[in-house]
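Residue-level structure breakdown
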Amino acid sequence: MAELLGAESQKVQNIDLHALTGWIPERVAIRVKDPDFNSDSLFKILHTRLHRGDVLATVATGEMSDEEAERAGLIPTHAYAVLDVRQINETKLLQLKNPWSHVRWRGNYSELDTIHWTREMCNALNYDPKSAASFDNGVFWIDYNSILNFFDVFYLNWNPALFTHTFCLHQSWSAGVGPAKDTFNIGDNPQFRLQVGDGKGAVWILLTRHIVDIEDFKYNREYITMLVYKNKGKRVYYPHDPPPYLDGVRINSPHYLTKIMLADTSERDFTLVLSQYEKTVTIYYTLRAYATCPFNLEKITDPFRHIKKIDGEWKGITAGGCANNHLTYSNNPRYRLNIVSYSHLCIDLKAPRQYQIGFDFIPVVTDNYSRKSTGDFR
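Reading the values: rules and limits
Within each chain, residue numbers correspond to sequence positions counted from 1 in written order. Per-residue local features of the predicted model are confined to residues with pLDDT of at least 70, and side-chain atom pairs are confined, for both listing and counting, to 80 or more; whole-chain, interface and lining totals are unaffected and use all residues. Heavy atoms throughout the structure, all of them, feed into the side-chain values; hydrogens and water do not. DSSP bridges decide pairing: two strands pair if at least two such bridges lie between them. Where helices and strands are cited, they refer to DSSP runs of H or I of at least four residues and of E of at least two residues respectively, numbered from the N terminus. Between N-to-C directions, angles span 0 to 180 degrees; the directions come from axes that are lines fitted to C-alpha atoms, helices contributing only their stretch in contact. For every residue, the accessible area (1.4 Å probe, protein chains only) is compared with the maximum for its type, and the residue is labelled buried under 20%, exposed over 50%, or partly exposed between those bounds. In this description, contact between two residues means that some pair of their heavy atoms is separated by no more than 4.5 Å. Counted charges follow a simple rule, with Lys and Arg positive, Asp and Glu negative, and His plus the chain ends left uncounted. Any Lys or Arg side-chain nitrogen located within 4 Å of an Asp or Glu carboxyl oxygen qualifies as a salt bridge. For this analysis, a polar contact is any N or O atom pair within 3.5 Å, provided that within protein one partner can donate a hydrogen and the other can accept it, and provided that sequence-adjacent residues contribute only side-chain to side-chain pairs. The length a helix should cover is 1.5 Å for every residue beyond the first. Working note: the arc is built from the helix axis to C-beta atom directions. Patch rule: a residue counts if its relative accessible area is over 30% and it has no salt bridge; like charges are joined within 9 Å, and nonpolar side chains (Val, Leu, Ile, Met, Phe, Trp, Tyr) within 5 Å. What sets the accessible areas is the Shrake-Rupley method with a 1.4 Å probe; for residues, cover comes only from the shown protein chains.

The subject of this paragraph is the sheet that holds strand 13 (residues 255-262). In spatial order, the strands read 8-15-10-13; together these four strands make up an open sheet with antiparallel pairing. Edge strands, defined here as strands with exactly one partner in the open sheet, are strand 8 (165-173) and strand 13. When strand polarity is set aside, the average angle formed by the axes of neighbouring strands in this sheet is 15°. As paired strands, strand 10 (residues 201-209) and strand 13 are joined by eight bridges and run antiparallel to one another. In the sheet register, Gly 201 faces strand 13, and the bridge partner there is Leu 262.

This next bit is on unusual backbone geometry. The omega angle of the peptide bond from Asp 241 to Pro 242 is 5°, so this bond is cis rather than trans. Summarising the element assignment, Pro 242 is placed in the loop between strand 11 (223-229) and strand 12 (250-251). Notably, Lys 232 is not glycine yet its phi reads approximately 55°, a positive angle. Summarising the element assignment, Lys 232 is placed in the loop between strand 11 and strand 12. With a relative accessible area of 55%, Lys 232 lands in the exposed category.

Spatially, six strands are ordered 2-7-3-4-5-6 in an open sheet, and the strand pairing comes out antiparallel. Of all strands in the sheet, those bounded by a partner on one side alone are strand 2 (24-29) and strand 6 (139-143). Put simply, the sheet's adjacent strands are angled 35° from each other on average, direction ignored. Taken together, the seven bridges between strand 3 (residues 55-61) and strand 7 (residues 151-158) define a ladder with antiparallel strand orientation. Each residue of the ladder has a partner; that of Val 59, found in strand 7, is Phe 154. Contacts from helix 2 (residues 39-52) reach strand 2, strand 3, strand 4 (79-88), strand 5 (91-97) and strand 7 within the one sheet, and its direction differs from that of strand 4 by about 95°.

This next bit is on the side chain of Asp 182. In this fold, Asp 182 is placed in the loop between strand 8 and strand 9 (191-196). No salt bridge is formed by the buried Asp 182; the nearest opposite charge belongs to Arg 250, separated by 4.0 Å. At 3.1 Å, the side chain of Asp 182 forms a polar contact with the backbone nitrogen of Gln 276. In this structure, Asp 182 is in contact with Trp 173, Asn 189, Pro 239, Arg 250, Ser 275 and Gln 276, ignoring residues within four places of it in sequence.

Moving on, we get to the pairing of strand 15 (residues 283-291). When a strand is regular, its side chains alternate between the sheet's two faces. Among the nine residues that make up strand 15, seven are buried, leaving the element largely enclosed by the rest of the structure. Where strand 8 and strand 15 come together, nine bridges link them in antiparallel fashion. Bridge pairing links Thr 166 to Tyr 290 in strand 15. Here strand 10 runs beside strand 15; their pairing, made up of seven bridges, is antiparallel. If you follow Thr 208 over to strand 15, its bridge partner there is Thr 286.

For an α-helix, 3.6 residues make a turn, and residues three or four places apart therefore share a direction. The terminal C-alpha atoms of helix 2 lie 20 Å apart, and with 14 residues this matches the ideal 20 Å at 1.5 Å per residue to within 8%. Residues of helix 2 that are buried: Leu 42, Phe 43, Leu 46 and Leu 50. In a view along the axis of helix 2, the buried residues occupy a sector of 100°, so they form one face of it. Opposite the buried face of helix 2, at more than 90 degrees from it, the exposed residues are Lys 44 and Arg 52. The N-capping residue of helix 2, defined by a side-chain oxygen 3.2 Å from the backbone nitrogen of Asp 40, is Asn 38. Phi turns positive one or two residues past the end of helix 2, at Gly 53, with a value near 80°.

Once that is clear, we can look at the pattern of salt bridges. Inspection of every chain in the model, using the stated rule, returns 14 salt bridges. Between Arg 104 and Asp 136 there is a salt bridge, and its shortest N-O distance comes to 3.1 Å. Here the residue Arg 104 occupies a position in the loop between strand 5 and helix 4 (119-125), and Asp 136 occupies one in the loop between helix 5 (129-133) and strand 6, the gap between them amounting to 32 residues. The partner of Lys 350 in a salt bridge is Asp 348, and the shortest N-O contact between them spans 3.9 Å. Of the two residues examined, Lys 350 and Asp 348, each falls in the exposed class.

This part is about a nonpolar patch on the surface. On the surface, a nonpolar cluster with roughly 260 Å² of combined accessible area is contributed by Leu 337, Leu 345 and Ile 347. Relative to the helices and strands, Leu 345 is located in the loop between strand 16 (295-299) and strand 17 (360-361). For Leu 345, a relative accessible area of 42% translates into the label partly exposed.

Here it is, written out as structure tokens:
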């Protein structure tokens, strides 16, 4: 089952900032119950990088009831600009701005809070709650724990000047190529070979689906992601054989960012696979790579120029079963393949989904080929 993530209405903050600035968009979901979510690491990144000017940040609420929103002073599915990130002793704070320029947070460290605003805190932030309470401009302080509790996602836009190398490819994926769902087979998906030079560093891959119709933007039903395999740049046919090095979440946002971090001993050759869920239309997209070290990015082309398709059936006596059925296994359908010269060969066996299938490849001349099997029935 593909993991899907709908992009909320506030996603325009992230998309618009990319359109206006060209800075790299990233979506960081706030999932405190997810063991892979590191809130301390995220705060450290925000605190360090925002002050350096490396990133623009917004943070957005999720769905809330009217009563909860009124009590908290927050607006459901609404994005707020992050103006500042501070840590005073052990207290982590963010300064936010409601783009409406009114309606402010009413909880901890709001201008209404008479408990947490000590003289030390006010002096450290040069902040006067009484003065702030006299005029609602939509700007407020909020503690990080409340962010984790009431907000749903951070949208970050990174300065592309952080990377010394970049390259992009403009491609399309026809609606008629590949299965509607790529849960079982990704052999027909667009795939790319990424080869990275030596040394520590990072490569960020930004997948952008082209949207030229307002209705497409409003009712976006295309869920896309990028899968990364340590497969030495070879084509991948099954989603989890081998398992992906980075398994993306399918999201109906126009942008999906994948980060590959590299150590001195890291694998340097990767296979990138564009993935989708229930693709219904031709997808036009751009794949842009940003890196701190030299790299090469190219599409993996299909090497097969000659194709033959044979329709058959397992029925009656020809339904011999698996190799454990010694007496009947040889009754299964057999095909003879003559290869006149060295070539790449791909055999694709398809059957109704409710059946587990496989086949054996048995060479007559063993000098050039060895016996192969598709392995476990699928």
